[in-house]
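Structural characterization, general
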Amino acid sequence: MGAGFEELRKQFGIVADLEAAGGVLGWDQQTYMPPGGAQGRAMQLATLGRVAHEQLVSDDMGAALEAAESEVEGLDPDSDEVRTVRKARREFDKARRVPSEWVAEFRRVTALAHQVWEKARAEADFRQFQEPLEEIVQLRRDYADFFAPFDHVYDPLLDDFEPGMKMAEVKAVFDELRPAQVSLVRDIVDRGRPVDDSVVCQHFDEQKQWDFGIEVAKALGYDLERGRQDKSVHPFTSGFGTGDVRITTRFDTGFLNTALFGTMHEAGHAMYEQGVDPEFDRTPLGITASLAVHESQSRMWENLVGRSRAFWVGFYERLQEVFRGQLGQVDLETFYRAVNKVMPSLIRVEADEATYNLHIMLRFELEIAMMEGTLEVGDLPEAWNSKFEEFLGLVPPDDAVGVLQDIHWSGGMIGYFPTYALRNLIAAQLWGKINEDIPDLESRIEKGEFGGLLGWLRENVHRHGSKFEPVELLTKVTGSG
Ligand code: ZN
């Protein structure tokens, strides 16, 4: 390629390095940093965020971009070069609308808010978190204004996580899904055969849970030479290039599902990032296609693989060996039913597949109301509880298991939640195609062979990074959007 393209790669590499350094600091904040580090860390993240942003919107970057655009003219529109330049243009134009001061302030406020949220959640007291959240909502409104005019104030926020997606499109999907989902859950609760899940609600030693989780993650294909696991309040995956993609988990010694399925979920994310073409490292294509696609990967490994009967045909004896006292006398069918129990519950990340999307629709509606200004942050806990009762028939006993349960709002990630529901749909769509292409998939899973599945995902999804837009990628792979 020409000098312009090489210059563009060089300039973007600097942005990627700064972002990765910020990522490591963010990972450290949630894993090992002592509470006293909060103020200093907020400033460090603000500085790195500002410098990265200044680099992204610099005149040098603009000049390199223009030169590269003329160099790739006439090349195959699906080539890596054309896609790199196109993605860089999109990032550049978006970032140009946002002042570096806003970026620094947003990083500082959210870093501090994280600490406040952790404490408020631990003490089940929303009032402590109210002021930081008010600041964050205002910052997000300011952010949306940089992209005016828009159809809806939520659209610019959503676009950061799901490129090109509009609030109205998500709403249309949810409006169709919700009545059916609510009545399905009601029917199961009222008329379904009761499921006894007491077998997963016994005491399970934390270290043994840790070891088994790692064993499963490795078997699925998570490469620990390029990854590691630590503990955090809220499980997450954080990657700093394809050579270092880390996961975290959390434990409940009275409930097996939390860490077990949480680890499979995060390993699913991590395998996606580890599978991006290493050639794309430090380039605009070195990130994943979108959050919904990202989450489709985690949900696929967690639910379509991890909660399947086939998976436990292969793994249950091993789990029984580890927890002889708890599960030695429990047959496979009982265990399989227990980990698939459908019952409205308070915590989103532990929700079953039938109720899960309702948790998302609730957050989506509350976020829109906050952004529109029709819901004051101070009224959020009451709004949460009444909507929760309407959707799931339960009232949270306190804020810790209600409005404070998720980390996202403290990180300013308003507009993120809808991707969690879309991902379930994408995962199912991909799963249909995978089963066509690998007809003996189930028997392979029974044997504990996941290489074929991972290979398919690598080939069709992972390696492309963000080369294709989400709908474009899905259409390429499955034939429909
Ligand atoms: Zn996830």
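Our structure's up above, just so we're on the same page.
These lines cover the structure that appears in this document, whether it is placed above or below. Small disclaimer: the values here were computed from a predicted structure and weren't measured. (Residues numbered from 1 in each chain as written. Predicted model: local features only at pLDDT ≥ 70, side-chain atom pairs only at ≥ 80, totals over all residues. Heavy atoms only, no water.)

A contiguous patch of negative charge, built from Glu131, Glu134, Glu135, Glu376 and Asp379, is present on the exposed surface. Relative to the helices and strands, Glu376 resides in the loop between α15 (353-372) and α16 (380-392). (Patch = residues over 30% accessible without salt bridge, like charges linked within 9 Å, V, L, I, M, F, W, Y side chains within 5 Å. Areas by Shrake-Rupley, 256 points an atom, 1.4 Å probe, with all protein chains shown as cover. Salt bridge = Lys/Arg side-chain N within 4 Å of Asp/Glu carboxyl O. Lys, Arg positive; Asp, Glu negative; His and termini not counted. Charge placed at Lys NZ, Arg CZ, Asp CG, Glu CD. Helix = DSSP H or I, 4+ residues; strand = E, 2+ residues; numbered from the N terminus.)

Turning to the nonpolar core, a few remarks are in order. Core analysis: the biggest nonpolar cluster contains 115 residues, and Phe311, Trp312, Leu327 and Phe335 have the highest contact counts within it. When residues of this core are assigned to their parent elements, the largest contribution, twelve residues, is made by α15. Those residues in contact with Leu327 that lie beyond four places of it in its chain are Val199, Gln202, Phe204, Leu256, Tyr316, Leu319, Gln320 and Phe335. Counting 16 residues, the second largest nonpolar core, distinct from the first, contains Phe5, Leu56, Ala68 and Val72. (Core = buried A, V, L, I, M, F, W, Y, C linked by side-chain atoms within 4.5 Å. Buried < 20%, exposed > 50% of the residue type's maximum accessible area, 1.4 Å probe, protein only. Contact = heavy atoms within 4.5 Å.)

A few words on the coordination of the zinc ion. The protein atoms donating to the zinc ion are His265 (NE2), His269 (NE2), Glu295 (OE) and Glu295 (OE), with metal-donor distances spanning 2.1 to 2.5 Å. Coordination at the zinc ion is irregular: its four donor atoms span angles of 53 to 145° at the metal. Written as a sequence motif, the donor residues of the zinc ion are H-x3-H-x25-E. Residue His265 is found in helix α10 (residues 257-274), and its partner Glu295 is found in helix α11 (residues 291-305); the two are separated by 30 residues along the sequence. According to the relative accessible area criterion, Glu295 is buried, its value standing at 2%. (Donors = N, O, S within 2.8 Å, 3.2 Å for Na, K, Ca; no water. Tetrahedral: all angles 85-135°; square planar, octahedral: opposite > 155°, others 65-115°.)

All right, on to the environment of Gly36 then. The topology assignment puts Gly36 in the loop between α1 (3-31) and α2 (38-56). Here Gly36 falls in the exposed class, since its relative accessible area comes to 74%. Spatially, the C-alpha atoms of Gly36 and Gln115 are 9.9 Å apart, while their sequence positions differ by 79 residues.

The subject of this paragraph is helix α9 (residues 206-220). Taking 1.5 Å per residue as the helical rise, α9 with its 15 residues ought to reach 21 Å, and the 21 Å between its terminal C-alpha atoms agrees with that figure. Listed in full, the buried residues belonging to α9 are Gln209, Phe212, Gly213, Ile214, Val216, Ala217 and Leu220. Buried positions along α9 lie against β1 (229-231), α10, α11, α12 (309-322) and α19 (451-460). A distance of 3.3 Å separates the backbone nitrogen of Gln207 from a side-chain oxygen at the start of α9, and that oxygen is part of Asp205. Positioned one or two residues after α9, Gly221 has a phi angle of 130°, which is positive. (Expected span 1.5 Å × (residues − 1). Polar contact = N/O pair within 3.5 Å; in protein donor to acceptor, adjacent residues only side chain to side chain.)

Residue placement: Ile287 occurs in the loop between α10 and α11. Residue classification places Ile287 among the partly exposed residues on the basis of a relative accessible area of 45%. Sequence separation of Ile287 and Glu273 is 14 residues, and the distance between their C-alpha atoms is 7.6 Å. The residues touching Ile287, leaving out its near neighbours within four places in the chain, are Lys87, Gly465 and Ser466.

To continue, consider the packing of aromatic side chains. Considering all chains together, one arrives at 25 aromatic pairs under this definition. Between Trp102 and Phe146, the aromatic rings sit 6.3 Å apart at their centres with planes inclined by 90°, giving edge-to-face as the arrangement. Linking Trp102 in helix α5 (residues 100-122) with Phe146 in the loop between α6 (126-145) and α7 (155-161), this pair joins segments that are 44 residues apart in sequence. On the accessibility criterion, Phe146 (24% relative accessible area) is partly exposed. Between Trp384 and Trp409 the ring centres are 6.2 Å apart and the planes differ by 90°, which places this aromatic pair in the edge-to-face class. (Phe/Tyr/Trp six-rings, centres within 6.5 Å; stacked < 30°, edge-to-face > 60°.)

Packing of helix α3 (residues 59-72) against helix α4 (residues 80-96) leaves a shortest axis separation of 10 Å and a crossing angle of 145°. At the point where α3 passes α4, the crossing takes the left-handed sense. Residues Asp59, Met61, Gly62, Leu65, Glu66, Ala68, Glu69 and Val72 of α3 touch α4, and the partners they reach there are Glu81, Val82, Val85, Ala88, Arg89, Phe92 and Arg96. Partitioned by chemical class, the residues of the contact of α3 with α4 number eight nonpolar, one polar and six charged. (Axes fitted to C-alpha atoms, helices over the stretch in contact; angles between N-to-C directions. Left-handed = near helix turned anticlockwise from the far one by under 90°. Nonpolar A, V, L, I, M, F, W, Y, C, P; charged D, E, K, R; others polar.)

What follows deals with the pattern of salt bridges. A full pass over the atoms with the stated rule returns 39 salt bridges. A salt bridge links Arg226 to Asp223, with the shortest nitrogen-to-oxygen separation between them at 2.9 Å. Classification of Arg226 by relative accessible area gives partly exposed; the value is 26%. On the basis of relative accessible area, Asp223 is assigned to the partly exposed category, the value being 26%. Ionic contacts of the salt-bridge type, sharing partners, join the residues Asp78, Arg83, Glu472 and Lys476 into one network.

Relative to the assigned elements, Gln11 resides in helix α1. Setting aside its immediate chain neighbours within four residues, Gln11 contacts Gln55, Ser58, Asp60 and Met61.

Interpretation in functional terms is not warranted from these geometric data alone.
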